[in-house]
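Okay, here's what each chain looks like letter by letter:
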Amino acid sequence: MPDLGPVFLSLHLAAVTTAILLVIGVPLAYWLATTQARVKPVVEAVTALPLVLPPTVIGFYLLILMNPSAPLGAAWVSLTGGTLSFSFSGLVFASAIYSLPFMVQPLQSAFEAVGRGPMEAAATLRASRLDAIRNVLLPQSARGILTACVLTFAHTIGEFGVVLMVGGNIPERTRVISIAIYEHVESVEYAEAHILSAGLLVFSFVTLVGVYALNRSYRLRVS
Amino acid sequence: MSAERLSLDIALSRKTFSLKVSEDVALAGVTAVFGPSGSGKTTLLKAIVGLEAGAEGRISLGETVWQDSVAGVFVPAHRRAVSYVFQDARLFNHLDVQGNLDFAAKRARKAGRSPDVDAAIAAFGIGELLERRAVSLSGGESRRVALARAVLSCPDLMLLDEPLTGLDRAARREILPFLKGLPEHSGCPVLYVSHDLEEVAALASGIVVMDVGRVLANGPVAEIGRSLDLGPLSEGAGPASLIEARVTRVDGDSGLMALEAGGETLLLPSVPGARDGERLRLFIDARDVAIAVGRPGPMSIRNVLPARVGRIISSDTAADALVDLSIGSQLIRAQITRHALSELQLEAGQQVFALMKSVRLAGDFR
């Protein structure tokens, strides 16, 4: 039986990342769904970059960014006393970057599907913008929000390359399930690798079936 | 229900369309904004409600200024005490009917108004629908819920954008009485967009006539109807006349009622609830009016009235001509062939008889 620590670490990482991305993703997706600004395609492209870039590219730049000698890494050290790279917080930061499109794109599609109609109707019934977002847009986008969260969660659990580059392989801190599988294979511990791999396979399959059954209309557009 | 003054001085220009309206509209009861599609009716309403960001100028209702671009004032839609009933109802489909009503009532209360949910449910006959989801309602039902919801917002002005569009005749007849009662139930004036002359005739006391982004006329319906030919602006319908008549006698035996219009008497099938002295608007299709130079002999047409020929509109390219006929103080329009026109040798001022094959109450969609 393999050590189950990486499984719980992965679940923890995915939960925290999903929560953070929900907070960032809702306003960003709302802006993308409603703006007529010229920079919209640029922002959309930046958001979709993690879908097309090799994880090593993202991982490489994140490493540079999180290095204690870089501004962000230095700020983190002075704030917390620890380094951002090779820490759980660093993993969360990296995950939030590479899972961003999995949160933003389904949300944006859902908000666009609701459209201006219900929002305008709410405004004529004395509902402020924020009131209308909370009580009309979000409830009407409920399925899209759920889809976005599930996809973000599942994708965060499945990521390997970025995690390996940014987090390394530190038990209890950065050794998530995909790293653990890699480690087992390297050490020719196929039985353990099998258990973890099959678990991840079944988990991903069930999750995706759930998402597609839930709603066929909020699928990712780029991937 | 008091008369309020809506002052508009707004301009908006897009690539293919421009709107320029500088008008004071006296609002009492229902005022129609009438004109063909693309004349800017909906854009005007959206500017009034605050959903048309491109509109520049000044909008005020009574003493309340909603927009004054020069002074940099733009009150956002949710702070304007004006509700809007959209063409497609736009109920919130994540809520049931009760939830939709409460959405409006809750926010009206927060704004210091006192909505009466039970009264609105009774007034619009939606008590049976309260637990239904918005998406499960029929066209007529969802319009009624939308009207009730708009009333519960307790506005100072209600805007209606073609609320009968897309409904079949049965549903239109179902909704019409609720529209008629709207000023009473909402306690505020109603601005009603329509491209259907008959709807306007049935509902409105005032009218703002629009075409290609401009206001052509603005005033009481009866007055504007006399001075301006609204027929060509009315979509789908051919030339028609609109006259006001007073019920003088309701005869239960024959099923007919007598109405007095312009000093003459008309006979019509009586309608349920018609009372002596009541004023009704009649709608007469110009193709249903024939002209006789002398009094015709016995015939099945009941409404034969002496009339005087007024303006004659005829062109070499059209087979038909339009003839204005004065019956006392009322004006009706007849559509006859040019061939008939030349054979009868009609001239302005000539005394003739108008034969009206069908006269119906405006808005009686049968």
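A look at the packing of aromatic side chains
Reasoning step 1: In the structure shown here, the tally under the stated rule is six aromatic pairs over all chains.
Reasoning step 2: For the ring pair A:Phe60 and A:Tyr61, a centre distance of 5.3 Å and an interplane angle of 55° mean the geometry is tilted.
Reasoning step 3: Geometry around B:Phe74 places B:Arg80 over its ring, the cationic atom sitting 4.8 Å from the centre.
Reasoning step 4: Over the face of the ring belonging to B:Phe92 we find B:Arg149, whose NZ or CZ atom lies 4.6 Å from the ring centre.

Comments concerning the environment of B:Val65
Residues and elements named next belong to chain B.
Reasoning step 1: Along the polypeptide, Val 65 turns up in strand E5 (residues 64-68).
Reasoning step 2: For Val 65 and Leu 346, which are 281 residues apart along the polypeptide, the C-alpha to C-alpha distance reads 54 Å.
Reasoning step 3: In this structure Val 65 touches Arg 58, Ile 59, Ser 60 and Val 75, once residues within four positions along its chain are discounted.

Some thoughts on the nonpolar core
Residues and elements named next belong to chain B.
Reasoning step 1: Core analysis: the biggest nonpolar cluster contains 111 residues, and Leu 6, Leu 157 and Leu 179 have the highest contact counts within it.
Reasoning step 2: Once residues within four sequence positions are removed from consideration, Leu 157 is found in contact with Leu 6, Leu 27, Ile 48, Leu 61, Trp 66, Ala 81, Val 82, Ser 83, Cys 188, Pro 189 and Leu 191.
Reasoning step 3: Counting 32 residues, the second largest nonpolar core, distinct from the first, contains Leu 259, Leu 266, Leu 280 and Leu 341.

Some details on the packing of helix H1 (residues 5-34) of chain A against helix H9 (residues 142-158) of chain A
All names here are of chain A.
Reasoning step 1: Orientation of H1 relative to H9, taken along the N-to-C sense of each, is 140°, at an axis distance of 8 Å. As the angle between them shows, H1 and H9 are arranged oblique. Here the hand of the crossing between H1 and H9 comes out right-handed. Residues Ser 10, Leu 11, Leu 13, Ala 14, Ala 15, Thr 17, Thr 18, Leu 21 and Leu 22 of H1 lie in contact with H9, whose contacting residues are Ile 145, Cys 149, Thr 152, Phe 153, Thr 156 and Ile 157.

Thoughts on the pairing of strand E2 (residues 18-27) of chain B
Residues and elements named next belong to chain B.
Reasoning step 1: Across ten bridges, the pairing between strand E1 (residues 4-13) and E2 is antiparallel. For Leu 8, the partnering residue across the bridge sits in E2 and is Glu 23.
Reasoning step 2: In textbook terms, the turn of a hairpin is the stretch between consecutive antiparallel strands, and for E1 and E2 this stretch comprises four residues.

Regarding the confidence of the model for chain B
Reasoning step 1: When pLDDT is averaged along chain B, the result is 87; 94% of the residues meet or exceed 70.
Reasoning step 2: Put simply, helix H8 (residues 221-227) of chain B is where chain B has its lowest mean pLDDT, 73, and helix H2 (residues 97-110) of chain B is where it has its highest, 96.

Digging into helix H8 (residues 129-140) of chain A
Reasoning step 1: Those residues of H8(A) that sit buried are A:Asp131, A:Ala132, A:Ile133, A:Val136, A:Leu137 and A:Gln140.
Reasoning step 2: Its buried side turned inward, H8(A) meets H1, helix H6 (100-114), helix H7 (116-124) and H9 of chain A together with H2 of chain B.

Parameters at a glance
- Residues numbered from 1 in each chain as written.
- Chains lettered and ligands numbered in written order.
- Predicted model: local features only at pLDDT ≥ 70, side-chain atom pairs only at ≥ 80, totals over all residues.
- Heavy atoms only, no water.
- Phe/Tyr/Trp six-rings, centres within 6.5 Å; stacked < 30°, edge-to-face > 60°.
- Lys NZ or Arg CZ within 6 Å of the ring centre and 35° of its normal.
- Helix = DSSP H or I, 4+ residues; strand = E, 2+ residues; numbered from the N terminus.
- Contact = heavy atoms within 4.5 Å.
- Core = buried A, V, L, I, M, F, W, Y, C linked by side-chain atoms within 4.5 Å.
- Buried < 20%, exposed > 50% of the residue type's maximum accessible area, 1.4 Å probe, protein only.
- Axes fitted to C-alpha atoms, helices over the stretch in contact; angles between N-to-C directions.
- Parallel < 35°, antiparallel > 145°, perpendicular 65-115°, else oblique.
- Left-handed = near helix turned anticlockwise from the far one by under 90°.
- Pairing = 2+ DSSP bridges.
- pLDDT = per-residue confidence, 0-100.

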